[in-house]
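Okay, here's what each chain looks like letter by letter:
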Amino acid sequence: MEEAFSRIISDLEEIQQIPNTHTQSAQIPHSTLVDLLSLFSSGDPELHTQFYDELASKNLSPSFLTHLLGSTMDAAPTHLALFASKVFLSLLLSPNSPVFTLFTPVAFLSFLRSIRRSLKHRPPAPTDDSPQAQQARTSRKGKSGGRGRGKKDNSRTFGGYDEEEGQESGAVDVREIISVMEMLVSVLDLIHLDRFPDSLKSLIQTVGEIPVMALETCGHSGSFSRLMDLCSRILSGVLRSEHGQEVSTATEILKALSPLILMVKSHARSFALGFVVNRMMVMAKESDGVRKAVVNLPRYLANKAPEKAEPRALAVESIMEIVRVIEFDDQLGFVEYAVKMTEGKASLRLLAVDLIAALITSLKDPLGENSSSGVGGSWGLRSLEALRKRCWDSTAGIRARALSNLAQVVEFLSCDNRNKAVLKEALGLDEVGDKKAEGGMNELLRKRCMDEKAAVRKAALLLVTKLTAIFGGSLDGVILKTMGMACSDPLVSIRKAAISALSETFRIFSDESVTAEWLHSVPRLITDNETSIQEECESLFLELVLDRISRAGTASLATKEPIHKSNMKAKSLERQIKLLFPEGILHLLKEMCNGEVTPWVKKICTSLGKKKQLKPKVAMALQGIIRTSESLWLNHSMPIEKWTAPMGAWFLLSEVSAYLPKAVDWEFLHHHWQLLDEHRVEGEFHSPLVQGNMHDEEGITSNSVAWAGDRVFLLQTIANVSVELPPEPASELASNLLKRIKEFGMHSTEVNAHVKALRTLCKRKAVSSEEADMLVNKWVKQLLSQASDILENYISETIEANKNGGSFFTPPRSGNRKGKQAATAAGMSSKAITAVFTIGSLVIVCPSADVSSVIPLLYTIITSDSNLNKLPGNTVSFKQAAPSLYAQAWLTMGKICLADGKLAKKYIPLFVQELEKSDCAALRNNLVVMMADFCVRYTALVDCYITKITKCLRDPCELVRRQTFILLSRLLQRDYVKWRGVLFLRFLLCLVDESEKIRQLADFLFGNILKAKSPLLAYNSFVEAIYVLNDYQAHNRRSDSKDARAEGRLFSIRGSDERSRSKRMHVYVCLLKQMAPEHLLATFAKLCAEILGAASDGKLTLDDVTGQSVLQDAFHILACKEIRVSSSRGSATDTGDGEEEGGDGNASATKGRAITQAVRKSLIQNTIPIFIELKRLLESKNSPLTGSLMECLRVILKDYKNEIDDMLVADKQLQKELIYDMQKYESAKARTTATEAMANMQNPSSYLSPRVPQPANRTPAQNNLTEKLQSNLKVASAMADAVAAATARSVLREVNKGASTPPLNSIRVPKLKPTQGGTNTGNAQPLDVLESVRRRQSFNSDDES
């Protein structure tokens, strides 16, 4: 040991003699550090005393040794610095060591710095055989080749260690770090850090950083756990009172651990949370200072929480872990703090809605059910109210989170039946009728379900789903309608949420409104592009419709016996219906017969049948419902000929029987076929079992139509199960069907069913397909021959009667005059109509049939009202005499043309001509359908007539307009028709059609289909649409003929009145919503160049009313919010559609913002001169459009303030003109408003009835009032001037980034912007301070109002 003493003393003396040792970073050699460690680790007090005596004898103080150790820990390589740290701690722990002399804050900071360096993550060192190691050795040889042994002295200075070589030697052994940390724990028992607050703070910060660095260095090994245990012991140790005030120390510890608590899930986060929850909470029970710090920690974390969704969720989770372990009173304090946060800035409000949901679902008794203070003082109710208010927040992201969290809370609280009543009262769901207050839950749901942001709509629908379980009465009708509309939302997630919400409502409520809305909204999604939505639609139809019908059918069969008792006669039919068919089954079946629901029900049944998901009990239940209704009718002793089955039962049975033929009883079908056939036309009446009367299109109740419909579905059912029929009944049925067809006396709805059923029987019962075709051709030929004879006979009789001057067509209704002849004529007319319709049905089932004998007869009928018919002696107009026959002839001719291309080429022009001139809405509707079919079959032939077909979009009949819109939309989607010419411009008027249904269809077409299929269509046609909608003829390059002008007026919304202008603006806004940001900027430029520029150049005539309307529309479009493109995206709280964004869009978004800002700047610099020139032109003409221009300019100055700013700095004259013009315009506008208001106050007659005469004499009080009002008028005018000046200055102040605008009398003096490098004079405030004051927001503007 004596040798070690001498080496240590010698090295220290050598270092001391180096010049400027105390100012430079001299280091202790490695060998000396080894000797020091062996000395101080020996534990021999005598050796230590001897060492200090030796130091004193050589004039070396212990503080000098501490200084050298600090320099070594600071500047030496990592592993040597850590070794020096170990020596430093050993020196402090050695017996009889002068601790207060050896411990210095500087050395301690160096020690902490060495710990950080040791834990920094470094890549592992390459192995000796790796190419990297060989390259490193070669490099070192090359570098040291010229130095020889000259490095020996230098190595002494650096402790005999090559720094470059040490850096390549790899990471420090973690066990060494653990050893140092263990020694540090012991040191803290000796040294009290209350005298060294900076050292204490540094120690806490270092320990707070160790978990993250150790996680990167050690991974999840046992060494990491050991390090975390040591960190916990160190932090627990410094919380003792000898290290300082406990509250201050605890605060510093929590601040150091807060970044770990708020980080992503990791072992470091778990350590920080575990230390707070487990260690500090135990100390908090004994120390009031620690308790205060822990109680305030959740509030601190709330203010430091990140804004992005996932980190924010983790922050809420961490906060709740801490809140759960604090006392209940402290928990209530944090609840109040979270409620107050809902009134703060956006980031705090966003976090607060998450915290409130977590608090309600985590803490006990949120609604105060078990509290002695009662419900009124419950913290949960206050939290619910705060959460509900945030659903009205002005920021979309906060609204969405508040709604989704409220849904989560409702679901949690509704699990306990005791909470339901309190929850209903708190949310205002128990108020009905006129008691519903404004801003209540129903109004909230209506507003949010139609929100402009997708995420908000989705959250609102989720809330409706959760609230359905606690709704007391029926659901609000507007909310129900809104959910139905949401099923057609362009976003898949919104459609899924709407389906879920509406279906959950249908599960609970079975009233008629809910049933109708569900059937009109959900089944149609079977054609959705998303496969998952189709599957969901099928499963819901199985559950909510078919299974419900199966249960009802089973219930009706179970109550079959009591129905036939005689005392049932006294009971009401309605009561029996409700008892026998619960869950609104009758209305459900009836609503499926609606023309808008039937196609989707057919598709769903077909899809389920192909997947073999239809169950036989559905068919059996439908048969049971029909049998039960018949039994109930007979039980009341009512005539069977007046009975009809529940509406929709036969229809649904006909659809499911195609896939369940064995589940249908032939005896059941045979019985009802005989029943319906026997009593098929017995008068006009209807069964009460249908729960309402069935009305045809004219609103006339007709039992014969109901029976005919039942026979159609019954025939379809029979055809579906024909494979299961025995041979003899099948043959008998076929013979009966053919006989019925040959009578030509059926209702038109039955003809197709009979023909299709007969063909199906022939196809399925024939031995081979050749035999089946031969049988079908045989009876088709017979029927065509008979129908041709009937039609020819009718035409000849009609012509003959017309020649003789008889009245063959209009038989008298009274029967007193020529009754027999009238009855004969009516019979022949009805038979001829049925024959014509039968011909069309036969052509459909057998396209190869010979119709050469029928075509001349049909041609005679359809051309009887024109000069095209050259047949001699034919002067009869069937259009006037027999309109039904005339319409059926066109329909049958269309079916024939579909089967024969040569005839189609010949007759299609006739169809177009009739479509243009026909005055019968039903015929026009059929002709549009036929033209759509022709377009599919003969696209080239019909393409030239598309513009004529589009005229039907302006047809006076709503049905024709809607049919035309739907058919053309389908053709456009399937590319049979192209978006070219005037087609797109004519479709625009459907957006403002008088019919709400057509408007909804148009919104869906433009908002969903066209946006995906033709995204550039709206942009390319926008300017043209402005001219066309205003009917500006000077821009129209087409023919200026009378017909062209008439078509232009037909497809325009010309007029300067408010109603026409609002319609045009609705169209423009709809188109702008379909454009991408770059297209909006390009549209802005096109409007300025092609309309505003044309007006300033004189190319756009402003003397014409239409020209003025075009320019005014351009001003309104440029000022509307839909054409604005934000120069930068908002934060996470500003967006409501985050679910549709990609994960890697930040780089592209940044690039897009840069491009957009450059384009905006260039755009606005080219636009402002056009505005200035146009303003001078309008002022010279004293045009009323000056006001619109100034309003537009005012909006542009605000929206593009950053881009205009550079222009105003460069052009002071322009700045002066804009300030003066804006002030002048605002002054005139405000003065006019004030004058009108005062005039209304001054004129007493405006508050009197028009019939009350105004008094002739005025009283002195009235004269005083007049003088006072005139004085007020002057004051108002002066105030208007002041307001106008303030408005103009505020606009330009925003443009100048907060700098106030100088008065007009001093504006000639050139002034430089403060941000352009000039010096501020006087007491001018810095620009950033003014800007921060101007932009300061208050908490009172959060609501949407």
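Computed from a predicted structure; not experimentally measured.

Once that is clear, we can look at the overall build of the chain. When you go through the chain residue by residue, the secondary structure sums to 62 helices and zero strands. Burial statistics for the chain: of 1345 residues in total, 48% are counted as buried. Within the chain, contacts between residues separated by at least 24 positions form 74% of all contacts whose residues are at least 6 apart in sequence. About 64700 Å² of surface is accessible on the chain, with carbon and sulfur atoms providing 51% of the total.

Attention now goes to the packing of helix α7 (residues 105-119) against helix α12 (residues 197-218). Across the interface, α7 lies against α12 with an axial gap of 9 Å and an inter-helix angle of 10°. Classified by the angle between their axes, α7 and α12 sit roughly parallel to one another. Of α12, the residues touching α7 (which contributes P105, F108, L109, L112, I115, R116 and L119) are S199, S202, L203, T206, E209, I210, M213, A214 and T217. Residues of the contact of α7 with α12, tallied by class, amount to ten nonpolar, four polar and two charged.

Quick look at the confidence of the model for the chain now. Residues shown with low pLDDT carry predicted positions that ought not to be read at fine detail. Per-chain confidence: the chain averages 77 in pLDDT, with 74% of residues scoring 70 or above. With pLDDT under 50 throughout, residues 560-571 is counted as low confidence; its partners more than four residues away or in other chains account for 17 contacts. A low-confidence stretch, residues 867-871 (pLDDT under 50), is modelled with seven contacts involving residues beyond four sequence positions or located in other chains.

This paragraph deals with the pattern of salt bridges. Throughout the structure, instances matching the rule amount to 44 salt bridges. As a salt-bridge pair, E317 and R269 come within 4.0 Å of each other at their nearest N and O atoms. Here R269 lies in helix α15 (residues 267-284) and E317 lies in helix α17 (residues 309-325), a separation of 48 residues in the sequence. Overall, the relative accessible area of 32% leaves E317 in the partly exposed class. Residue classification places R269 among the buried residues on the basis of a relative accessible area of 5%. A salt bridge links K481 to E517, with the shortest nitrogen-to-oxygen separation between them at 3.8 Å. Taken together, the positions of K481 in helix α25 (residues 477-486) and E517 in helix α27 (residues 512-521) put the pair 36 residues apart, joining distant regions of the chain. For K481, a relative accessible area of 46% gives the class partly exposed. Accessibility expressed as a relative area gives 11% for E517, which makes it buried. One network of salt bridges, with partners in common, ties together D288, R291, K292 and D330.

Counting across every chain of the model gives 21 aromatic pairs. With 5.5 Å between their ring centres and 25° between their planes, W650 and F668 make a pair best called stacked. Taken together, the residues W650 in helix α34 (residues 649-656) and F668 in helix α35 (residues 666-678) connect sequence positions 18 residues apart. With respect to class, W650 is no different from F668; both count as buried. The interplanar angle of 35° and the centroid separation of 6.4 Å between the aromatic rings of F1115 and F1171 together place this pair among those described as tilted. Pair noted here: F1115 is in helix α56 (residues 1105-1119) and F1171 is in helix α57 (residues 1146-1180), with a separation of 56 residues, a long-range link. An identical accessibility class is assigned to F1115 and F1171; each is buried.

Under the defined criterion, the tally for this structure stands at six cavities of 30 Å³ or more. One number sums up the size of the largest cavity: a volume of about 60 Å³. Every residue lining the largest cavity is listed: F984, F1006, L1010, K1011, S1014, P1015, L1017, A1018, L1071 and Q1074. Secondary structure elements with two or more residues in the lining of the largest cavity: α50 (996-1013) and α51 (1017-1020). No other element matches the three residues that α50 contributes to the lining of the largest cavity. Split into classes, the residues belonging to the lining of the largest cavity amount to seven nonpolar, two polar and one charged.

Here we come to the side chain of R495. As for its position among the elements, R495 is in helix α26 (residues 492-508). On the basis of relative accessible area, R495 is assigned to the buried category, the value being 9%.

A few words now on unusual backbone geometry. Even without glycine at this site, K612 takes up a positive phi of about 60°. With respect to the helices and strands, the residue K612 is situated in the loop between α32 (598-610) and α33 (616-635). Phi angles above zero are rare outside glycine, and D1031 is one such case at about 55°. If you trace the backbone, D1031 turns up in the loop between α52 (1022-1029) and α53 (1042-1050). Judged by its relative accessible area of 5%, D1031 falls in the buried class.

The topology assignment puts V942 in helix α46 (residues 939-942). With eleven residues separating them along the chain, V942 and M931 place their C-alpha atoms 7.5 Å apart. Ignoring any residue separated from it by four or fewer positions in sequence, one finds V942 in contact with I908, M931, F934, C935 and I949.

By size, the foremost hydrophobic cluster in this structure holds 387 residues, and its most contacted members are F51, I549, F1006, I1091 and L1111. Residue contributions to this core peak at eleven residues, all from helix α39 (residues 769-803). Among all residues touching F51, those that are not within four sequence positions of it are F5, I8, I9, L36, L39, F40 and L65.

In this section: the side chain of S85. Here S85 shows up in helix α5 (residues 78-93). Here S85 falls in the buried class, since its relative accessible area comes to 0%. If we skip the residues at most four places from it in the chain, S85 touches M73, F111 and S114.

With that settled, the discussion passes to the packing of helix α38 (residues 748-765) against α39. Look at α38 against α39: their axes get within 8 Å of each other, and the N-to-C directions meet at 150°. Taken together, α38 and α39 sit at an angle that is classed as roughly antiparallel. The crossing of α38 and α39 is right-handed. Mapping the contact onto sequence places V755, L758, R759, C762 and K763 in α38 and A772, D773, L775, V776 and W779 in α39. Within the contact of α38 with α39, the residues separate by chemical class into seven nonpolar, no polar and three charged.

Procedures and definitions
Once a new chain begins, its residue numbering starts again from 1 and follows that chain's sequence as written. Local features in a predicted model are, by the rule used here, given only for residues with pLDDT of at least 70; side-chain atom pairs are given and counted only at 80 or more, and totals for whole chains, interfaces and linings are based on all residues. Side-chain measures here rest on the full set of heavy atoms in the structure, leaving out hydrogens and waters. Secondary structure elements follow DSSP: runs of H or I no shorter than four residues count as helices, runs of E no shorter than two count as strands, and numbering proceeds from the N terminus. Think of it in three bands: with a 1.4 Å probe and only protein chains considered, a residue is buried below 20% of the maximum accessible area for its type, exposed above 50%, and partly exposed in between. In what follows, a contact means two residues having at least one pair of non-hydrogen atoms within 4.5 Å. Under the convention used here, a 1.4 Å probe and the Shrake-Rupley method define accessible areas, while residue burial counts only the protein chains that appear. Each axis is a line fitted through C-alpha atoms, and for a helix only the stretch in contact is used; angles between axes span 0 to 180 degrees, taken between their N-to-C directions. Our angle categories are set so that under 35 degrees counts as roughly parallel, over 145 as roughly antiparallel, 65 to 115 as roughly perpendicular, and the remainder as oblique. Under the scheme applied here, ten amino acids are nonpolar (Ala, Val, Leu, Ile, Met, Phe, Trp, Tyr, Cys and Pro), four are charged (Asp, Glu, Lys and Arg), and all others, including Gly, are polar. Per-residue confidence from the prediction method is given by pLDDT, with values spanning 0 to 100. The salt bridge definition used is simple: a Lys or Arg side-chain nitrogen within 4 Å of an Asp or Glu carboxyl oxygen. In this analysis, rings of Phe, Tyr and Trp, with Trp reduced to its six-membered ring, are considered paired at centre separations within 6.5 Å, and the interplanar angle assigns stacked below 30 degrees, edge-to-face beyond 60, and tilted for intermediate values. Cavity and pocket criteria rest on a 1 Å grid covering protein atoms alone: a 1.4 Å probe that fits but cannot get out defines a cavity, protein on both sides within 12 Å along at least 5 of 7 lines defines an open pocket, and an atom within 4 Å of a point defines a lining residue. Grid points are joined across faces, edges and corners, and a volume is the space filled by probe spheres set on the points. As used here, the term nonpolar core means buried Ala, Val, Leu, Ile, Met, Phe, Trp, Tyr and Cys residues forming a set that is joined through side-chain atoms within 4.5 Å. Left-handed describes a crossing whose near helix is turned anticlockwise from the far helix by less than a right angle; the clockwise case is right-handed.

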